Protein chains: 2
Amino acid sequence: MQAVIEALRDHFRVDHLVYHWVDSAGDQYGCGTYSDDWRDRYIEQNYVRLDPVIIGCYSRFHPVDWKRLDWSGKAVRAFQAEAIEYGVGNQGYSIPIRGPNGQFALFTASHNCDDQAWTVFIEKNRRDLLLIAHEFNRKALEFEPDRAPEVARQLSPREIDAMTLLAMGYNRAQVADSLSISEHTLRVYIESARAKLGAMNTTHAVARALSRGLIVV
Amino acid sequence: MQAVIEALRDHFRVDHLVYHWVDSAGDQYGCGTYSDDWRDRYIEQNYVRLDPVIIGCYSRFHPVDWKRLDWSGKAVRAFQAEAIEYGVGNQGYSIPIRGPNGQFALFTASHNCDDQAWTVFIEKNRRDLLLIAHEFNRKALEFEPDRAPEVARQLSPREIDAMTLLAMGYNRAQVADSLSISEHTLRVYIESARAKLGAMNTTHAVARALSRGLIVV
DNA sequence: CCGCCCCCCGCTATTTTTGGGGAGTGGAAA
DNA sequence: TTTCCACTCCCCAAAAATAGCGGGGGGCGG
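Notes on the structure in this doc start here. All values reported here derive from a predicted model rather than from experimental measurement. (Residues numbered from 1 in each chain as written. Chains lettered and ligands numbered in written order. Predicted model: local features only at pLDDT ≥ 70, side-chain atom pairs only at ≥ 80, totals over all residues. Heavy atoms only, no water.)

**Considering the packing of aromatic side chains**
Residues and elements named next belong to chain A.
(1) Moving on: Applying the stated criterion across every chain yields a total of 21 aromatic pairs over all chains.
(2) Moving on: Residues W38 and Y42 carry aromatic rings whose centres are separated by 5.9 Å and whose planes lie at 75 degrees to one another, so their mutual orientation is edge-to-face. Pair noted here: W38 and Y42 are both in helix α2 (residues 36-44), with a separation of four residues, about one helical turn. By the burial criterion, W38 is buried, and Y42 matches it.
(3) Moving on: In this structure an aromatic cluster arises from ring pairing among W38, Y42, Y47, F79 and Y86. (Phe/Tyr/Trp six-rings, centres within 6.5 Å; stacked < 30°, edge-to-face > 60°. Helix = DSSP H or I, 4+ residues; strand = E, 2+ residues; numbered from the N terminus. Buried < 20%, exposed > 50% of the residue type's maximum accessible area, 1.4 Å probe, protein only.)

Here it is in structure tokens:
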């Protein structure tokens, strides 16, 4: 994969191309053309929690130019300065890629140039980048099958109802009332949902159901 | 949008193109070239809970040929027969599109032909279909901005830590221990996060933090 | 400088949730 | 047909979360 991404970088004539996987446990995996120093630094400092590219793409539908992200905040600006120092370009374009169970990856192109040149580049290449991002993601999953086939046991309709209402802030009594069942029955649903999700408590179960896309609030 | 999708259908020379948004709350929205009768029937019967295209794409990363879905089960086969009766093609290719918070849409091409012809068609057009699916989804969201997620007030770093660990399933004692603060202090963070998020309880706060992308678990 | 927010700590009392049990129905799949 | 699984209901004791009160120190921007 490393050779592929380097070839793609040369093809697009950008400074960097990076594929970066972030999973629900906070594990990271990726390959790309950033320097090893920067990658190590990034992981060591746990920048994934700070990086506006991650944060921004996580709550966005569409590919995004880094210029449109929120770079305010002292820590963020320090991070940005450090990134540029380590050779990350001042421009960037990141494509969020999502899979089942909240699986999430980014495909990023980064370069050093002025705004206008970058805009032109993106306008010209965004379609190809989108296709390649998805194709690359597919290949990456083929090579790392462990990441994909996380057993996504479906919740039963009643369990979905229960989780959804809990995620909406109702307590058990209110949820039971909404569903017109006894609180005891509701508890069985919550417990079985928790078991299916491998969660330690209700909050955990709701969090997992949300990040796996099993419920929507 | 309706005119656009009809033009696209004619361009690809397939029987149907459909864009179908669905979330686990059961809300649906879409446009496409299926007959109104079938659409009404589909909604009325709540087929979204049965449809192997929905179920299958929901747990899959990549676009999928309908042939590879699981059509076993009595109700499913009845559904399939009924769909064909209403004019849906015997072949189909569906592209899952995901957004933040488990938001989920499908872009589907369907046609009546034999397996081989369909395979050739897909091989030839899958790239274009992927691009168009994403582009169409973007346009659809522009017209329906309500569906896009809201951006929200930032949490403090400590609040993010607290929410994150709670979302990972730890209880307050464990979280306090992880953060090396007293449980009483932790409680203040949780409460302030809850206030900022307008949440009724901890589970609600974690759910909101997650779905607003303020924390990543 | 002052106000605001972030960071940290303490107490008590009440309400809610959780973790163990157990039991019976009906429907769908193998 | 038999075996699952979803769905419904029940009890009790222990643990966890919530609501209310109080305190102090530090940094940053108007």
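**Here's the deal with helix α8 (residues 183-197) of chain A**
Along an α-helix, a turn takes 3.6 residues, which lines up residues three or four apart on a common side.
All names here are of chain A.
(1) Moving on: Taking 1.5 Å per residue as the helical rise, α8 with its 15 residues ought to reach 21 Å, and the 21 Å between its terminal C-alpha atoms agrees with that figure.
(2) Moving on: Along α8, the positions that sit buried rather than exposed are L186, I190, A193 and L197. Within α8, the buried residues cover an arc of 65 degrees as seen down the axis, which keeps them to one side. Of the residues in α8, the exposed ones pointing more than 90 degrees away from the buried face are H184, V188 and A195.
(3) Moving on: The inward-facing, buried residues of α8 contact α6 (157-167), α7 (172-179) and α9 (202-211).
(4) Moving on: In the stretch just after α8, G198 is the one whose phi turns positive, near 60 degrees. (Expected span 1.5 Å × (residues − 1). Arc of directions from axis to C-beta. Contact = heavy atoms within 4.5 Å.)

**Section: the protein's contact with DNA strand D**
(1) Moving on: Among the 18 residues in the neighbourhood of DNA strand D, the closest are listed as S156 and Y189 of chain A together with R172, R187 and R194 of chain B.
(2) Moving on: The contact atoms of DNA strand D, taken as those within 4 Å of the protein, divide so that sugar and phosphate hold 67%.
(3) Moving on: A distance of 3.0 Å separates a phosphate oxygen of DNA strand D from a polar atom in the side chain of R158 of chain A.
(4) Moving on: Taken together, the elements giving at least two residues each to the surface near DNA strand D come down to α6 and α8 of chain A together with α8 (183-197) of chain B. (Near = heavy atom within 4 Å. Polar contact = N/O pair within 3.5 Å; in protein donor to acceptor, adjacent residues only side chain to side chain.)

**Topic: the protein's contact with DNA strand C**
(1) Moving on: Around DNA strand C there are 18 residues in total, and R172, R187, R194 and T202 of chain A together with Y189 of chain B lie nearest to it.
(2) Moving on: Within 4 Å of the protein, the contacting atoms of DNA strand C are drawn from sugar and phosphate to the extent of 60%.
(3) Moving on: Residue S156 of chain B places a side-chain N or O atom 2.5 Å away from a phosphate oxygen belonging to DNA strand C.
(4) Moving on: In the model, a phosphate oxygen of DNA strand C is placed 2.5 Å from a nitrogen or oxygen of the Y189 of chain B side chain.
(5) Moving on: Counting residues per element, the surface near DNA strand C draws most heavily on α8 of chain B, at six residues.
(6) Moving on: When the residues that make up the surface near DNA strand C are grouped by side-chain class, the tally is five nonpolar, six polar and seven charged. (Nonpolar A, V, L, I, M, F, W, Y, C, P; charged D, E, K, R; others polar.)

**Thoughts on the state of the cysteines**
(1) Moving on: Under the criterion given, the structure shown has zero disulfides over all chains.
(2) Moving on: Free cysteine: C57 of chain A, not disulfide-bonded; nearest cysteine sulfur from C31 of chain A at 17 Å. (Disulfide = S-S within 2.5 Å.)

**Some points on the interface of chain A and chain B**
(1) Moving on: Taken together, the contact pairs 42 residues of chain A with 42 residues of chain B.
(2) Moving on: At the surface where chain A touches chain B, the tally comes to two salt bridges.
(3) Moving on: In this structure, E135 of chain A and R126 of chain B form a salt bridge, with 3.8 Å as the shortest nitrogen-oxygen distance.
(4) Moving on: Counting the contacts that link chain A with chain B gives six residue pairs in polar contact (both at pLDDT 80 or more).
(5) Moving on: Breaking the side of chain A that touches chain B down by element, the ones donating at least two residues are β1 (16-22), α3 (52-58), α5 (115-143), α6 and α9 of chain A.
(6) Moving on: Residues belonging to the side of chain A that touches chain B are distributed by class as follows: 22 nonpolar, 12 polar and eight charged. (Salt bridge = Lys/Arg side-chain N within 4 Å of Asp/Glu carboxyl O.)

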